[in-house]
Amino acid sequence: MQERLKELQAEALAKVEQASDLKELNEIRVSYLGKKGPITEVLKGMGKLSSEERPLMGALANEVRDAISSAIERKHNSLEEAAIQQKLASESIDVTLPGRPVKTGNHHPLTRIVEEIEDLFIGMGYAVAEGPEVEKDYYNFEALNLPKGHPARDMQDSFYITEEVLLRTHTSPVQARTLEKHQGKGPVKIICPGKVYRRDNDDATHSHQFMQIEGLVVDENIRMSDLKGTLEVFAKKMFGEDREIRLRPSFFPFTEPSVEMDITCKICGGKGCSVCKGTGWIEILGAGMVHPNVLEMAGFDSKKYTGFAFGMGPERIAMLKYGIDDIRHFYTNDIRFLKQFSVTE
Ligand code: DAH
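Residues numbered from 1 in each chain as written. Predicted model: local features only at pLDDT ≥ 70, side-chain atom pairs only at ≥ 80, totals over all residues. Heavy atoms only, no water.

Worth spelling out the cut-off: UniProt positions are given in the numbering used here, feature names are shortened, and annotations may be inferred rather than shown by experiment.
Under an unreviewed UniProt entry, the protein chain has the name Phenylalanine--tRNA ligase alpha subunit and belongs to Bacillus methanolicus PB1. Turning to the protein chain, the UniProt annotation filed under Catalytic activity (unreviewed entry) states: "tRNA(Phe) + L-phenylalanine + ATP = L-phenylalanyl-tRNA(Phe) + AMP + diphosphate + H(+)". According to the UniProt record, the Sequence similarities (unreviewed entry) comment for the protein chain reads "Belongs to the class-II aminoacyl-tRNA synthetase family. Phe-tRNA synthetase alpha subunit type 1 subfamily."

1. So, the packing of helix H1 (residues 2–18) against helix H2 (residues 22–33)
Packed helix pairs are specified by the crossing angle of their axes together with the interaxial distance, meaning the distance between the axes. What counts here: Under this scheme, a helix contributes an axis fitted over its contacting stretch, all axes are lines through C-alpha atoms, and angles between N-to-C directions fall in the 0 to 180 degree range. Think of it this way: any DSSP run of H or I at least four residues long counts as a helix, any run of E at least two long counts as a strand, and we number them from the N terminus. Working definition: roughly parallel below 35 degrees, roughly antiparallel above 145 degrees, roughly perpendicular at 65 to 115 degrees, and oblique for all remaining angles. The hand of a helix crossing depends on one turn: near helix anticlockwise from the far one by less than a right angle means left-handed, and clockwise means right-handed. Residues are treated as being in contact if the distance between any of their heavy atoms lies within 4.5 Å. Put simply, Ala, Val, Leu, Ile, Met, Phe, Trp, Tyr, Cys and Pro go in the nonpolar bin, Asp, Glu, Lys and Arg in the charged bin, and everything else, Gly too, in the polar bin.
At a minimum axis separation of 9 Å, H1 and H2 run at an interaxial angle of 165°. In terms of orientation, H1 and H2 fall into the roughly antiparallel class. Remark: the crossing between H1 and H2 carries left-handed chirality. Taken together, the residues of H2 that come into contact with H1 (itself represented by Leu 8, Glu 11, Ala 12, Lys 15, Val 16 and Gln 18) are Glu 24, Leu 25, Ile 28 and Tyr 32. Residues belonging to the contact of H1 with H2 are distributed by class as follows: six nonpolar, one polar and three charged.

2. Considerations on the site of the ligand
This is how the line gets drawn: Nearness is judged by heavy atoms alone; a residue qualifies as near a molecule or strand once a single heavy atom is within 4 Å of it. Polar contacts here mean pairs of N or O atoms no more than 3.5 Å apart (in protein, one a potential hydrogen donor and the other a potential acceptor; neighbouring residues in sequence count only if both atoms are side-chain atoms). To measure how exposed things are, a 1.4 Å probe is used in the Shrake-Rupley method; for residues, cover is taken only from the protein chains shown.
Around the ligand sit 16 residues in total, of which His 170, Ser 172, Arg 198, Gln 212 and Glu 214 are the nearest. Within the backbone of Ala 309, an N or O atom sits 3.2 Å from an oxygen atom of the ligand. Note that an oxygen atom of the ligand is positioned 3.4 Å from one of the backbone N or O atoms of Phe 310. For the ligand, the protein covers 91% of the area, taking 350 Å² as the surface of the free molecule. Of all the secondary structure elements, the ones that give two or more residues to the shell around the ligand are helix H7 (172–181), strand S5 (209–219), strand S8 (281–290) and strand S9 (306–312). Here the residues of the shell around the ligand are counted per class, giving five nonpolar, nine polar and two charged.

3. Some thoughts on the UniProt feature "binding site: Mg(2+)" (unreviewed entry) in the protein chain
As annotated in UniProt, the feature "binding site: Mg(2+)" (unreviewed entry) corresponds to Glu 256 in the numbering used here. Locating Glu 256 in the fold gives a position in strand S7 (residues 255–264). Those residues in contact with Glu 256 that lie beyond four places of it in its chain are Met 289 and His 291.

4. As for the UniProt feature "domain: Aminoacyl-transfer RNA synthetases class-II family profile" (unreviewed entry) in the protein chain
UniProt feature "domain: Aminoacyl-transfer RNA synthetases class-II family profile" (unreviewed entry): in the numbering of this structure it lies at residues 111–320. Its end C-alpha atoms 15 Å apart, residues 111–320 is made of 26% helix and 30% strand.

5. Focus on the nonpolar core
Rule in force here: Among buried residues, those of type Ala, Val, Leu, Ile, Met, Phe, Trp, Tyr and Cys that are joined through side-chain atoms within 4.5 Å constitute a nonpolar core. Only protein chains enter the accessibility calculation, which uses a 1.4 Å probe. A residue is then buried if its area is under 20% of the maximum for its type, exposed if over 50%, and partly exposed in between.
Counting 38 residues, the largest nonpolar core has Ile 117, Phe 234, Met 261, Leu 285, Phe 310, Met 312 and Ile 317 as the members making the most contacts within it. Of all the secondary-structure elements, those providing two or more residues to this core are helix H5 (109–122), S5, helix H8 (224–239), S7, S8, S9, helix H10 (314–322) and helix H11 (335–339). With sequence-adjacent residues up to four places away left out, Phe 234 is seen in contact with Ile 117, Leu 120, Phe 121, Met 261, Ile 284, Leu 285, Met 312 and Ile 317. Residues Ala 129, Ile 190, Cys 192 and Leu 216 belong to the second largest nonpolar core, which totals 25 residues.

6. Observations regarding the layout of surface pockets
Applied cut-off: Put plainly, a pocket is an open set of points on a 1 Å grid over the protein atoms alone with protein on both sides within 12 Å along at least five of seven lines, a cavity is a set where a 1.4 Å probe fits but cannot get out, and a lining residue has an atom within 4 Å of a point. Grid points are joined across faces, edges and corners, and a volume is the space filled by probe spheres set on the points.
Considered as a void within the structure, the second largest pocket measures approximately 180 Å³ in volume. Considering every element that reaches the lining of the second largest pocket, the biggest residue donor is H11, with three residues. Looking at the lining of the second largest pocket, its residues break down into three nonpolar, six polar and three charged.

7. Remarks on the pattern of salt bridges
In plain terms, the rule: Any carboxyl oxygen of Asp or Glu that lies within 4 Å of a side-chain nitrogen of Lys or Arg is treated as forming a salt bridge with it.
In the structure shown here, the tally under the stated rule is 14 salt bridges. Its salt-bridge partner being Glu 135, residue Arg 177 comes within 2.7 Å of it at the nearest N-O pair. Here the residue Arg 177 occupies a position in helix H7, and Glu 135 occupies one in strand S2 (residues 134–136), the gap between them amounting to 42 residues. Here Glu 135 falls in the buried class, since its relative accessible area comes to 1%. In this structure, the salt-bridge partner of Lys 148 is Glu 142, at a minimum N-O distance of 3.4 Å. Given the relative accessible area of 26%, Glu 142 is considered partly exposed. Via salt bridges that share partners, Asp 137, Glu 142, Lys 148, Arg 153 and Glu 164 belong to a single interconnected network.

8. Quick word on the pairing of S8
Note the following rule: Only strands joined by at least two bridges in the DSSP assignment are considered to pair.
Judged by how many residues are buried, S8 sits mostly within the fold: eight of 10 residues are covered. Alignment of S7 against S8, held across eight bridges, turns out to be antiparallel. Bridge pairing in S8 links Asp 262 to Glu 283. Here S8 runs beside S9; their pairing, made up of five bridges, is antiparallel. Across the sheet, Met 289 pairs through a bridge with Phe 308, a residue of S9.

Next up, the structure:
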């Protein structure tokens, strides 16, 4: 019996030594140390032994078991270690390989301009307001002193959805909505960037969808000089300190008086060229003092409150600033065009 146990130990240890993976090792453990294994089988014969021999044989059986299980454990650890090493080797990265450049996207030039303008006005204490692109006729026209049938409605050819609902033709309805929300109490100081839609045929200077940024300030004692000062700061920050501005009389139903602002042409320095059509000046935006009717319709007392408003097209500003000659470039997503405004390349 003693011999048999020794034999089994030697046999098991040899198998453990040769085991090439954890699965095989586990099979060896089950076959030698399990309840149906040969050691248990040998021990079944213990009954036939004398009472002196029995404890000795029991101790030997335990020794054999311990020897086998610790050999299994050692092998287990070394196989595991080998597996880890192999995994590390197979997953190793050659850091000397040249990298593949990652292409990053960029902000669209129009987004950049809009954010630049936003930042400029936020710096002057303005809040950014938004409104719906699908707008009620009331806010797009009526609340801006453009009642139904008003001839000035023709200045903005509109996409109507129903009789009372249309795609907004300008961002001015956000003025009307913001004033209404303030319930007759100033101050109001906002800019509203957003998309607008007009029934225009697309060409180098027209697009059926484009952007506008509206500005509105309403408080007590707001005067034309406040408007002029604000627009001057804007123009110089946007186009350069050397630029001059001028205000020309104009007409918008929602402002009285109304003006258009020009800046001096940078290309000819004011002498007159093809870009400024020989005038030395380039038109930038429309503006004016908020019409008392607009204030009253929104619930403001026009004797107490006055205000100014302005509206500009960021495409036009970007075109002038970057020398872009066709508004359609902003919307056709030609990567060669967009890349020129990339910060990273
Ligand atoms: N909404 C005008 C347009 O689309 C632009 C404009 C002009 C806005 C004068 C104003 C303003 O707020 O005061 O042509």
